[in-house]
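Coordinates in review
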Amino acid sequence: MGADPLNCVWLDTREDRTDRVVLTAFEDHWNKERGPRLEKVIFRNDISPAEALDLVCTTEGQIDLVTEVAPADAEKVQNSEYAKLEVIDSMRILLGLINRGAEDAPLHDKRARKALNLAVDRARLVSEAFNGYAHQSAGVIPAYAGGYPGNEPYPHDPGEAKRLLQEAGWPEGRPLRLATTTSTEGVARMLEGDLRESLGIDVEVMVVPDEGLLAAQHALVEKVMALPFDVLLHAWIDLSADAPPAFMHHYLYSEGGPFRTGPPVAEFDRLMGQFAKETDAERQSALSAEIDRFVYDEVLSLFLVAPQALYAVNKNVNFVAHATTLELAETYVTEEHWSRKNGS
Amino acid sequence: MAQATRQASAEGGKHTPVGTIHVVDPNALNWLFITWNTMEEPVRTTPDGRLVGAAMEESRWINETTLEVVLRRGITFQDGEQFDVRSFKRAFYEVQRWRAPHPPGTSLNFHPDTRLEVIDDYTVRMIFPEPDGAILGKFRGFHLASTRFWDEIGFGYKKLGTGEGHW
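Here the structure is a predicted model, which is why all the values come from computation and not from measurement.

Right, let's get into the overall build of chain B. In terms of helices and strands, chain B carries five helices and nine strands. Each helix and strand of chain B, placed in order from N terminus to C terminus, yields the pattern β-β-β-α-β-β-β-β-α-β-β-α-α-α. With respect to the principal axes defined by its C-alpha atoms, chain B has extents near 65 × 40 × 35 Å. Within chain B, the proportion of its 167 residues that are buried is 53%. Partitioning the intrachain contacts of chain B with sequence separation of at least 6 by distance along the chain shows that 55% fall at a separation of at least 24. Summed over its atoms, the accessible surface of chain B is roughly 7500 Å², and 48% of this surface lies on carbon and sulfur atoms. Measuring between centres, the 19 positive side-chain charges of chain B sit 3 Å from its 22 negative side-chain charges.

Below is the structure:
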């Protein structure tokens, strides 16, 4: 038993979800100002997200809230008679993990990594791949999170990108290997064009099939076999917005970081060591900024975007979106909501 | 047949819960979101993601390696048990049993040599072998529960025999 605003009647921890998970209000919760304001929340796992989106947009009384709405579906929600679109700046990033340990490509060289960053048109990426529902990245920390150092995104500068790549000694005829999962294949296809045109080299897109995802993840985390890509599109999150290096940078670049792609970086690990032992919030925030500035200056990743989180919500539901979680304590329904009219 | 409906109200900051919503959440972290909606932690996050006290009212560093945590009074678990320092202590010993209890990874672990010193029913000190600047973030994954939860369910203990990867 917990003590938060809602009771959990049953939660299955297996990979396969139960058809429904029902949460009921815990009226003795200590934080009366927050809630709970709903009597019941029913998670429906028995229908697909696409079907759910159709239902929230075209009906009432079926589905009230759909998370993870794709930017391409935003307009459908906005044009709906029954639903509205909620958008929040979230603690999510999408970047390219650069294989600094590639044996036959000079990605250990900062100039080559910077060339990749200068080759990408982030403004177009935001407007076309995300329909505007993302922010351009300038490092790992989003501009709205703690410790943001105030960097500007790398500009789109194909001329300088090409020059730097040649200067770093990119081998003649060697294609750039860009890997992606199926969920970010659209972004990869857009990047493929940018990289090919800006750098003047061929780009091979490698799509990890869904059934091969687990094996690919193992290979990335275990680091026993040589990584087969030059750049891997990678989405990551944080559980809070206060001190991103503890979760974001640590996982991406630390010596023990599961997503580190290349040899450990001694200066980075020194800074993280300081960060981990700093208990003063102001000094820790300054260290966060220093760490993010370092990974930006050393161009340890192909920095892309911070996607926003999109929700389709029934018009009679006042949903409070959160940057790091799906919190429902503050959410309430109006008197016009189907459940109140029906007495459900 | 018409039914009487409960009216929403917010007297004295208390809201009477009304209504039902149906949610479809394909996010892979749905299990974590449900945990956060139903369990208590020392901290929670505001809509913009900033950490604020929840079951913990405040904390302060007594010295480089000792964090004093003042727990909130007046918290009741869903089964009626009162929350106090015993709840914090039980959760601490439950999580410290495992090498990798948190699905997101061991960066959420407390140092294995961390000790607790109980000051009173609502004050506890955490004594670390070295300073831990990430402790407040780790509190986000430190789930506090009643005795019955640990005795009867735990994080997969009864069903799976282990809490590794299930906290």
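That shown, we press on.
The next point concerns the domain arrangement of chain A. Residue and element names in this part refer to chain A. Split by domain assignment, chain A resolves into domain 1 (6–87 + 309–341) and domain 2 (92–307). For domain 1 versus domain 2, the distance between C-alpha centres works out to 33 Å. For the pair domain 1 and domain 2, the summed buried surface comes to about 690 Å²; carbon and sulfur atoms form 53% of the total. The three residues of domain 1 that bury the most area against domain 2 are Pro71, Ala309 and Thr324, which together make up 57% of that side's buried surface. Inspection of the domain 1/domain 2 interface yields two residue pairs in polar contact (both at pLDDT 80 or more). Looking at the side of domain 1 that touches domain 2, the elements with two or more residues in it are α2 (74–78), β5 (83–89) and β11 (301–314). Considered class by class, the residues forming the side of domain 1 that touches domain 2 number seven nonpolar, two polar and one charged.

What follows covers the packing of aromatic side chains. Residues and elements named next belong to chain B. Taken as a whole and judged by the stated rule, the model has 27 aromatic pairs over all chains. Ring centres of phenylalanine 110 and phenylalanine 142 lie 5.0 Å apart, and the angle between their planes is 80 degrees; this geometry places the pair in the edge-to-face category. Residue phenylalanine 110 is located in the loop between α2 (85–96) and β8 (115–120), and its partner phenylalanine 142 is located in the loop between α3 (135–139) and α4 (147–152); the two are separated by 32 residues in the primary sequence. Relative to tryptophan 167, the ring of tryptophan 150 has its centre 5.3 Å away and its plane inclined at 25 degrees; by these criteria the two rings are stacked. Taken together, the positions of tryptophan 150 in helix α4 and tryptophan 167 in the segment after α5 (157–160) put the pair 17 residues apart, joining distant regions of the chain. Like tryptophan 167, tryptophan 150 is buried. By the ring-pair criterion, three or more aromatic residues cluster together here, those being Phe88, Phe92, Tyr93, Trp98, Phe110, Phe139, Phe142, Phe149, Trp150, Phe155, Tyr157 and Trp167. Geometry around tyrosine 157 places arginine 97 over its ring, the cationic atom sitting 4.9 Å from the centre.

Parameters at a glance
Think of each chain on its own: its residues are numbered from 1, step by step along the sequence as written. Starting at A for chains and at 1 for ligands, labels are handed out in the order in which the entities are written. For a predicted model such as this one, the threshold for reporting local features is a pLDDT of at least 70, and the threshold for listing and counting side-chain atom pairs is 80 or more; totals across whole chains, interfaces and linings nevertheless cover every residue. Each side-chain value is derived from all of the structure's non-hydrogen atoms; neither hydrogens nor water enter the calculation. Counting from the N terminus, the helices are the DSSP runs of H or I reaching at least four residues and the strands are the DSSP runs of E reaching at least two. Relative accessibility decides the category of a residue: with a 1.4 Å probe and only protein chains considered, values under 20% of the type maximum give buried, values over 50% give exposed, and everything between is partly exposed. Whether two residues are in contact is decided by their heavy atoms: any pair within 4.5 Å suffices. Here the open area of atoms and residues is found with the Shrake-Rupley method and a 1.4 Å probe, where only the protein chains shown may cover a residue. Only four residue types enter the tally: Lys and Arg on the positive side, Asp and Glu on the negative side; His and the chain ends are excluded. Every charge is mapped onto a representative atom, which is NZ of Lys, CZ of Arg, CG of Asp or CD of Glu. Those domain boundaries reflect an automatic or database domain assignment. The term buried area refers to how much accessible surface (probe radius 1.4 Å) is lost by two components on association, counted for both of them together. The term polar contact refers here to a pair of N or O atoms within 3.5 Å; inside protein, the definition further demands a hydrogen-donor-capable atom paired with an acceptor-capable atom, and it admits residues adjacent in sequence only when both atoms are side-chain atoms. Lys, Arg, Asp and Glu make up the charged group, whereas Ala, Val, Leu, Ile, Met, Phe, Trp, Tyr, Cys and Pro make up the nonpolar group; the residues left over, Gly among them, are polar. When the centres of two rings from Phe, Tyr and Trp lie within 6.5 Å, Trp using its six-membered ring, the rings pair. Their planes under 30 degrees apart give stacked, over 60 give edge-to-face, and anything left gives tilted. Comment: the charge-over-ring label is applied if NZ (Lys) or CZ (Arg) is within 6 Å of the ring centre and within 35 degrees of the ring normal.

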